[in-house]
Amino acid sequence: MTSSSSPSQDSQRFAHSHPEGLRADALMEEDVAWSHEIDGERDGDQFDRSERAALRRVAGLSTELEDVTEVEYRQLRLERVVLVGVWTSGTAQDSENSLAELAALAETAGALVLDGVIQRRDKPDAATYIGSGKATELRDIVLETGADTVICDGELSPGQLIHLEDVVKVKVIDRTALILDIFAQHAKSREGKAQVALAQMQYMLPRLRGWGQSLSRQMGGGKGGGLATRGPGETKIETDRRRIREKMAKMRREIADMKTGREIKRQERKRNKVPSVAIAGYTNAGKSSLLNRLTGAGVLVENSLFATLDPTVRRAETPSGRLYTLADTVGFVRHLPHHLVEAFRSTMEEVGESDLILHVVDGSHPNPEEQLAAVREVITDVGATRVPEIVVINKADAADPLTLQRLMRIEKRSIAVSARTGQGIAELLALIDNELPRPSVEVEALVPYTLGKLVARAHTEGEVISEEHTPEGTLLKVRVHEELAADLAPYVPVAVPVA
């Protein structure tokens, strides 16, 4: 015989034999009375079902500041880096100076330098740049310092980059990538951004890596392109390379279009016979400070590498009243990536097209001769070796007097100045006045007062030797170019022979 019982009796019987079942039933209710037998054993607060299913805010985890004045006391989480260099030639001091410059570049890029090591080798290791044993030691240094990036003082091949990363287990970048990163941060103009993007893509193209799906074949384009198409197509990484090449071609066209606008302005200055002076030099040598001192341009001045990238052209005047243009160019550095030289070639043409180069060098630097050599190497690359050069030894107020004497003895056409204090600026202006190309034709003309524009041209395009106002007009004795001399020819007085 089968016995039957009501559902409530079954629940009571189940609850008696399984006390935890009653707790589960209670938890499913929307609102139950608190029971000491059941709820007293619960661990923690109990919530309704809707509250349990909702997101709960945990107090005390927000880092938002209630008072904005506390922002200045917060420390930015900087990338922690270890520097590594290979000493192949020169002295130990030269290699240490190179690594110190790399540290300055890393700080400019926004990194915190923890340590730096140098490995003495005849040439960099083809696999890991510093050798497998030293790479393992570098891994120990990374673990000890808690670094998350290794920066190498040189340009690594794609294979060296991969193998060194496999050993040290953190991100590895080289000097070229670091400089490109700084340029990307500091580029402000449309042309500057395009030039940096082109250089970055040129650097990235041979270093693309892929795995998994990135290396699998895409569908090929068989005859007629029917159904799933036939034959293996290009891999994903090949597709990426093709797209980068297409973007590079587009970027080159855009830079060429921007170059046309600069050439038009340059031709206008040449048509008006306005001489041009280009300021070139090592990064952080004080080029922008000198431009501000000479012209009051108001260009950004900052004690960091590559603070200004975009060229600035300003109008200036010599002590004798001659007008000329002064152009501030991008700074150079040792081992400047050839990608950047190619990308910024249109900007660097300001140096090649100028009538005079002011080569600024930091007189307070430990080795200014190396700076001079590095800049002249780039000047040679852009084809500006025939342009006259004046070596401007800046920061004379902070330089060692013996260093200044040595530089001025080596460089015959040099002058020591201080853009910060104004020391030597007057002598520099006089030197610029003497070195700028002078008009080739000397003319004496009596210009009627109705042709005031011709007199104004003589002042702006030529060099006025003397000027006298007579009843017939303005008697000018000027040194001008051939075109202006032809315009003044009808007003040259004809000498009447004495009877």
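## Brief notes about the overall build of the protein
Each helix and strand in the protein was counted, giving 18 helices and 15 strands. Counting over 499 residues, the protein shows a buried share of 40%. Restricting the contact set of the protein to residue pairs at least 6 apart, pairs at least 24 apart contribute 65%. Counting only carbon and sulfur atoms, one obtains 52% of the accessible surface of the protein, whose full area is about 29000 Å².

## Details of the pattern of salt bridges
Across all of its chains, the model carries 16 salt bridges by this definition. Ionic pairing is found between Asp397 and Arg420, a salt bridge with its closest N-O pair at 2.6 Å. Residue Asp397 is located in the loop between strand S11 (389-394) and helix H15 (401-410), and its partner Arg420 is located in the loop between strand S12 (414-416) and helix H16 (425-435); the two are separated by 23 residues in the primary sequence. Residues participating in the shared-partner salt-bridge network are Glu101, Asp153 and Arg175.

## Some points on the environment of Val333
By secondary structure assignment, the location of Val333 is in the loop between strand S9 (323-328) and helix H12 (338-343). Note: C-alpha distance between Val333 and Tyr282 (51 residues apart in sequence) is 5.8 Å. Dropping the residues within four chain positions of it, Val333 is found in contact with Glu101, Arg175, Ile179, Tyr282, Thr283 and Phe306.

## Description of the sheet that holds strand S14 (residues 463-469)
One open sheet accounts for three strands, arranged S13-S15-S14; its pairing is antiparallel. Strand pairing shows two members of the sheet lacking a second neighbour, strand S13 (441-447) and S14, which therefore form its edges. Between one strand axis and the next, the sheet turns by 10° as a mean value, whatever way the strands run. Bridge count for S14 against strand S15 (residues 474-480) is six bridges, and the pairing is antiparallel. Within the sheet, the bridge partner assigned to Glu463 lies in S15 and is Arg479. Across the sheet, helix H17 (residues 452-461) lies against S13, S14 and S15, angled at about 145° from S14, the strand it touches most.

## Observations concerning the nonpolar core
Ranked by internal contacts, the top residues of the largest apolar core, which has 74 residues, are Phe306, Phe332, Leu336, Leu358, Val392 and Leu428. Apart from residues no more than four positions distant in its own chain, Val392 is found in contact with Leu290, Leu358, His359, Val360, Val361, Ile415, Val417 and Leu428. Residues Tyr129, Ile130, Cys152 and Val170 belong to the second largest nonpolar core, which totals 18 residues.

## Quick notes on the sheet that holds S9
Pairing within the open sheet is mixed, and its six strands lie in the order S8-S9-S7-S10-S11-S12. Two strands bound the open sheet, and with one partner strand each, they are strand S8 (312-317) and S12. Taken over all neighbouring pairs, the strand axes of this sheet differ in orientation by 25° on average, direction set aside. Pairing analysis gives five bridges linking strand S7 (residues 276-281) to strand S10 (residues 356-362), with the strands arranged parallel. Residue pairing across strands places Ala280 opposite His359, the latter belonging to S10. Helix H11 (residues 287-295) rests against S7, S8, S9, S10 and S11 of the sheet, and its axis sits at about 155° to S9. Most of the contacts of helix H14 (residues 368-381) go to S10, to which it runs at about 145°, and overall it touches S7, S10 and S11.

## Looking at the packing of aromatic side chains
Given two aromatic rings, their pairing is described by the distance between the two centres and the angle made by the two planes. Applying the stated rule across the entire model yields zero aromatic pairs. A cation over an aromatic ring shows up here: Arg120 above the ring of Trp87, its NZ or CZ 4.4 Å from the ring centre.

## Some words on the pairing of S7
Within S7, six of the six residues are buried, leaving the element largely enclosed by the surrounding structure. Burial of S7 is two-sided: the residues Ser276, Ala278 and Ala280 facing one way and the residues Val277, Ile279 and Gly281 facing the other way are all buried. Summarising the sheet, S7 and S9 pair through four bridges and their orientation is parallel. If you follow Ile279 over to S9, its bridge partner there is Asp328.

## Some thoughts on H11
All of the buried residues along H11 are Lys287, Ser288, Leu290, Leu291, Asn292 and Leu294. Buried residues in H11 make contact with S7, S8, S9, S10, S11 and H16. Phi turns positive one or two residues past the end of H11, at Gly296, with a value near 65°.

## Here's the deal with the confidence of the model for the protein
Overall, the prediction assigns the protein a mean pLDDT of 77, with 75% of residues at 70 or greater. Every residue in residues 1-8 is under pLDDT 50, and counting partners more than four places away or in other chains gives two contacts. Considering only residues more than four positions removed or in separate chains, one finds that residues 26-32, a stretch of pLDDT under 50, has eight contacts.

## Digging into the packing of H11 against H16
One way to put it is that H11 packs onto H16 with a least axis distance of 11 Å and a crossing angle of 80°. As judged from the angle between their axes, H11 and H16 are roughly perpendicular. Seen from H11, the contacting residues are Leu290, Arg293 and Leu294; seen from H16, they are Ile425, Leu428 and Leu429. Residue composition of the contact of H11 with H16, by class: five nonpolar, no polar and one charged.

## Let's talk about unusual backbone geometry
Positive phi values are uncommon outside glycine, yet Tyr129 reaches one of about 75°. With respect to the helices, strands and loops of the structure, Tyr129 is situated in the loop between strand S2 (111-120) and helix H6 (132-145). Judged by its relative accessible area of 5%, Tyr129 is buried. Unlike most non-glycine residues, Lys169 shows phi in positive territory, near 65°. According to the relative accessible area criterion, Lys169 is exposed, its value standing at 59%.

How each quantity is defined
Residues numbered from 1 in each chain as written. Predicted model: local features only at pLDDT ≥ 70, side-chain atom pairs only at ≥ 80, totals over all residues. Heavy atoms only, no water. Helix = DSSP H or I, 4+ residues; strand = E, 2+ residues; numbered from the N terminus. Buried < 20%, exposed > 50% of the residue type's maximum accessible area, 1.4 Å probe, protein only. Contact = heavy atoms within 4.5 Å. Areas by Shrake-Rupley, 256 points an atom, 1.4 Å probe, with all protein chains shown as cover. Salt bridge = Lys/Arg side-chain N within 4 Å of Asp/Glu carboxyl O. Pairing = 2+ DSSP bridges. Axes fitted to C-alpha atoms, helices over the stretch in contact; angles between N-to-C directions. Core = buried A, V, L, I, M, F, W, Y, C linked by side-chain atoms within 4.5 Å. Phe/Tyr/Trp six-rings, centres within 6.5 Å; stacked < 30°, edge-to-face > 60°. Lys NZ or Arg CZ within 6 Å of the ring centre and 35° of its normal. pLDDT = per-residue confidence, 0-100. Parallel < 35°, antiparallel > 145°, perpendicular 65-115°, else oblique. Nonpolar A, V, L, I, M, F, W, Y, C, P; charged D, E, K, R; others polar.

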